[in-house]
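Chain and residue survey
So the chains spell out like this:
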Amino acid sequence: MNRERLIKTLQNIDVTDKTAAELYREISSACMDEILSEKQKAPARCAYYFSVEYLMGRMFFNNLLALGVLDEAREIFAAKGFDLNTFEDVEDAALGNGGLGRLAACYLDSAANLGYPLNGYGIRYRYGLFRQKFVGGEQVEEADDWLKIWGDPWSIRKEREAREVRFADMVVIAVPYDMPVYGKSVNVLRLFQAEGSPEAEKISEYLYPADDTEEGKLLRIRQEYFFSAAAVGERTERYVREYGTDFGKFAESCVFQLNDTHAVFAVAEFLRLLTKVYKVPFGRAVTIAKKTFRYTNHTILPEALERWDEELVEKILPEIAGILKRLQIYAAAAWKAEGCPREEIVRMSILGGGKFAMANVAVYVSERVNGVAEIHTKILKERLFSAAYRHDPDKFLNVTNGVTQRRWLLLCNEELARFYDERLGSGWREDLSLIRSIDCDDAETLAAFSKIKAEKKRQLAAYIEKKEGIKLLPDAIYIAQVKRLHEYKRQLMTALAILRIYFDLKAGKLPDFTPTVFIFGAKAAGSYKRAKEIILFLNKIAELIANDGEVNGKLQVVFVQNYDVSYAEKIIPGSDVSLQVSTAGFEASGTGNMKLMMNGAVTVGTMDGANIEIVERAGRENNYIFGASVEEINALEGKYDPVKFVKTHPRVREVTDTLTDGTFSDADGKLKDLAASLFEETYNRADHYYVLYDLLPLVDALLKVNGEYRDRTLFTGKQLKNATRSAFFSSDRAIKTYAEKIWGI
Ligand SMILES: *Cc1c(COP(=O)(O)O)cnc(C)c1O
């Protein structure tokens with residue numbers, strides 16, 4: 001990459017008579033030419049990240065930053081009368097859902113910046129995660145036609161490297177699109193697009209098509225096999241070209257990292273290729289696979305631990321089904337020979353009850369299995385994979401998630417980056433741990449930080465006004481709960497807590513209350529009825545409060561539409577408080593919590609996921625921990641009855657009554673259904689996620705924040721301590737751990 005040449009090219013770009021989209025493509029292409037001019041020598045050993053999701057966000061600013069030309073490019077085009085911020089309208093590459101997909105993007109960024117050879121494999125969806133709008137307070141989904149206006153100048157179609165992927169009933173062409181990831185090394189995210197027939201094209205049309213029908217399930221299986229098989233196929237072929245068909249050195253040349261269970265068919269495909277195509281004996285193929293694969297578990301929620309019907313796999317992938325069955329027999333014999341008790345063999349089984357347990361395949365074959373926060377890994381060892389852990393304890397380890405400070409600090413909070421530059425020089429940009437040396441008690445430093453927070457809040461308010469047409473209360477505390485909508489994340493509990501505060505305000509019980517804005521951002525999966533009801537409930541609360549002259553200068557609720565990476569880049573630096581209130585034991589790690597911490601938000605949270613490690617580092621006294629611990633939740637099992645609970649807790653009862661007493665119009669019974677989820681055994685247990693149990697402790701924590709916020713020096717100090725102690729949560733640290741302890745690259 002020749003920086004001078006790139007600057008010259010940018011200077012020579014003529015902006016007259018060009019649309020923003022034309023300019024976007026021209027500038028992006030100029031950068032791509034430089035990126036691609038980089039000559040790379042092939043590393044001896046390479047890691048591959050297999051993921052169905054990559055939530056990359058906007059590529060433009062990130063890439064210009066990586067190339068070291070962002071500031072200069074801004075100036076060059078400003079001088080020509082064109083504001084580069086125009087490209088803030090460019091669609092996100094939202095080929096992912098939430099945390100898991102964003103983590104994949106952060107990891108690619110860190111690996112390239114640290115110079116580790118890590119490439120990604122995934123699917124190039126025609127439509128990304130849906131776009132969300134609210135109509136009458138309800139979520140409406142629109143197709144995300146992300147290529148329509150701006151195109152995709154950051155990838156290159158590699159027609160000549162296309163390959164066939166075969167199903168029993170169709171042959172699909174997998175065409176790679178390569179997206180370079182620029183840093184100390186130039187790595188590649190290779191996304192496959194399915195082509196060849198209208199049927200084939202469906203495979204890469206949508207992210208997570210509904211799988212509540214047989215057809216839907218088959219499509220998911222096709223997606224997973226499609227990209228896994230294309231990836232394993234090309235990598236294996238390359239190995240054979242370079243080293244022949246012995247495969248003795250395969251695991252020395254590459255390592256395959258499975259991001260959750262979605263790519264576990266890669267294991268079966270690898271065994272199929274080795275045994276059927278290259279005639280390697282089955283046992284030896286398993287031994288090679290065991291040195292090649294690694295698995296990261298991201299959740300203990302049963303719906304995310306995939307189990308595919310044997311019949312369905314048999315129907316479209318008979319050879320793969322055969323391989324998995326053979327693997328079950330092989331593994332069971334080995335476990336038996338090693339003296340595993342029968343009960344444990346059943347729990348580790350690859351095939352059971354007519355279904356393939358993909359997580360068990362991954363655990364069995366992988367040399368390393370990791371969880372994503374200390375508490376999560378502990379739960380994997382003690383509960384989810386306890387049998388496998390007893391059998392092979394050394395296989396399991398923890399790597400707490402991380403986020404890239406390049407996007408989540410340098411790009412989204414230039415003001416804070418300059419604050420560090422002024423005090424530390426530029427070394428912290430390479431080694432984030434240096435920010436720990438900022439003196440958080442120094443008055444001048446605190447004042448400077450406080451000014452930055454106020455500026456980011458002002459910018460956020462301006463952005464929300466532009467996007468949503470809503471003016472945020474100025475001089476208020478900004479509290480954000482931004483993440484996918486899921487019952488375990490307990491946005492419903494926050495909704496009820498806001499109502500509690502609302503009633504108390506109206507009753508005059510909170511005379512010193514500092515104005516507070518609650519900012520929500522969340523998409524609900526299209527088929528997740530209850531999550532959509534929670535969105536509706538929050539929007540109704542927002543409306544109730546906005547129309548109530550008694551409180552609308554003190555309390556405000558804003559649910560922004562279409563929360564995505566780009567929206568996150570505005571909300572996160574502009575928030576004072578980070579809400580991380582999942583039921584203890586359910587949030588594997590979280591990464592939103594880390595981004596907010598890095599930008600100086602204090603956490604109001606439960607002892608769950610990475611919250612525990614956040615307060616360990618930033619100090620419990622600088623955050624607001626509340627609610628039941630995992631141990632308490634476990635002890636409540638079978639003893640908690642929410643109907644009885646509200647009888648002894650009228651302050652809870654008063655707010656849950658609003659779901660059914662006509663406070664809100666509820667023609668379709670949607671809010672009644674929320675009440676049912678709390679009080680009736682609608683699915684395995686009433687109030688499955690202990691929303692009511694933790695409600696008043698949450699209200700207390702929020703009121704404590706409200707009181708302490710008034711002491712501006714004290715509160716700003718807490719915020720700055722969080723920001724300056726966030727280095728551990730850099731994905732640079734996480735990637736170094738993966739590289740050293742898991743991949744050996
Ligand atoms: C970071 C991020 C997430 C993950 O948030 P959690 O709070 O960890 O669930 C989800 N969506 C987007 C757009 C993100 O940037």
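Everything below is about the structure printed above this text.
Residues numbered from 1 in each chain as written. Predicted model: local features only at pLDDT ≥ 70, side-chain atom pairs only at ≥ 80, totals over all residues. Heavy atoms only, no water.

**Here we look at the site of the ligand**
Around the ligand, the structure places 15 residues, and the nearest of them are Lys483, Lys489, Thr591, Gly592 and Lys595. One of the side-chain nitrogen or oxygen atoms of Lys489 is found 2.7 Å away from an oxygen atom of the ligand. In this structure, Thr591 approaches the ligand through a main-chain N or O atom, which is 2.7 Å from an oxygen atom. Here the ligand loses 96% of its free accessible area of 390 Å² to cover by the protein chains. When residues of the shell around the ligand are traced back to their parent elements, those giving at least two are helix H5 (99-114), helix H22 (565-571) and helix H23 (592-598). For the shell around the ligand, a count of residues per class yields five nonpolar, five polar and five charged. Looking at which domains feed residues into the shell around the ligand, each of domain 2 (40-57 + 92-401 + 735-743) and domain 3 (448-629 + 689-719) gives three or more. (Near = heavy atom within 4 Å. Polar contact = N/O pair within 3.5 Å; in protein donor to acceptor, adjacent residues only side chain to side chain. Areas by Shrake-Rupley, 256 points an atom, 1.4 Å probe, with all protein chains shown as cover. Helix = DSSP H or I, 4+ residues; strand = E, 2+ residues; numbered from the N terminus. Nonpolar A, V, L, I, M, F, W, Y, C, P; charged D, E, K, R; others polar. Domains from an automatic or database assignment.)

**Some details on the nonpolar core**
Judged by nonpolar contacts, the single largest core of 220 residues is most densely connected at Phe50, Phe87, Phe167, Phe226, Leu258, Phe537 and Val604. In terms of nonpolar packing, the next biggest core, distinct from the first, is built from 52 residues, Ala417, Ile452, Leu460 and Val565 among them. (Core = buried A, V, L, I, M, F, W, Y, C linked by side-chain atoms within 4.5 Å. Buried < 20%, exposed > 50% of the residue type's maximum accessible area, 1.4 Å probe, protein only.)

**Description of the sheet that holds strand S14 (residues 351-352)**
The antiparallel open sheet is built from three strands, whose spatial order is S13-S15-S14. The open sheet has two free edges, formed respectively by strand S13 (307-309) and S14, since each of these has just one partner strand. Two strands pair when backbone bridges link them, and S13 and strand S15 (residues 355-357) are joined in this way by three bridges, in the antiparallel orientation. Bridge pairing links Trp308 to Phe356 in S15. (Pairing = 2+ DSSP bridges.)

**Brief notes about the sheet that holds strand S22 (residues 602-605)**
Across the sheet, six strands lie side by side as S20-S19-S18-S21-S22-S23; this open sheet has parallel pairing. Looking along the sheet, the strands with just one partner apiece sit at the ends: strand S20 (555-560) and strand S23 (624-625). Set on the sheet, helix H21 (residues 529-546) makes contact with strand S19 (516-521) and S20; between it and S20 the angle comes to about 140°. (Contact = heavy atoms within 4.5 Å. Axes fitted to C-alpha atoms, helices over the stretch in contact; angles between N-to-C directions.)

**Some words on the side chain of Asp109**
Structurally, the position occupied by Asp109 is in helix H5. On the basis of relative accessible area, Asp109 is assigned to the buried category, the value being 8%. Among the polar contacts made by the side chain of Asp109, one reaches the side chain of Thr404 at a distance of 2.7 Å. Those residues in contact with Asp109 that lie beyond four places of it in its chain are Asn62, Val181, Thr404 and Arg406.

**Quick word on the environment of Gly717**
Note that Gly717 resides in helix H30 (residues 712-724). Put simply, Gly717 and Phe449 are 268 residues apart on the chain and 9.1 Å apart in space, counted from C-alpha to C-alpha.

**Focus: unusual backbone geometry**
Residue Tyr208 is not a glycine yet carries a positive backbone phi of 45°. For Tyr208, the position within the fold is in the loop between helix H6 (198-201) and helix H7 (214-243).

That is the geometry; function is a separate question.
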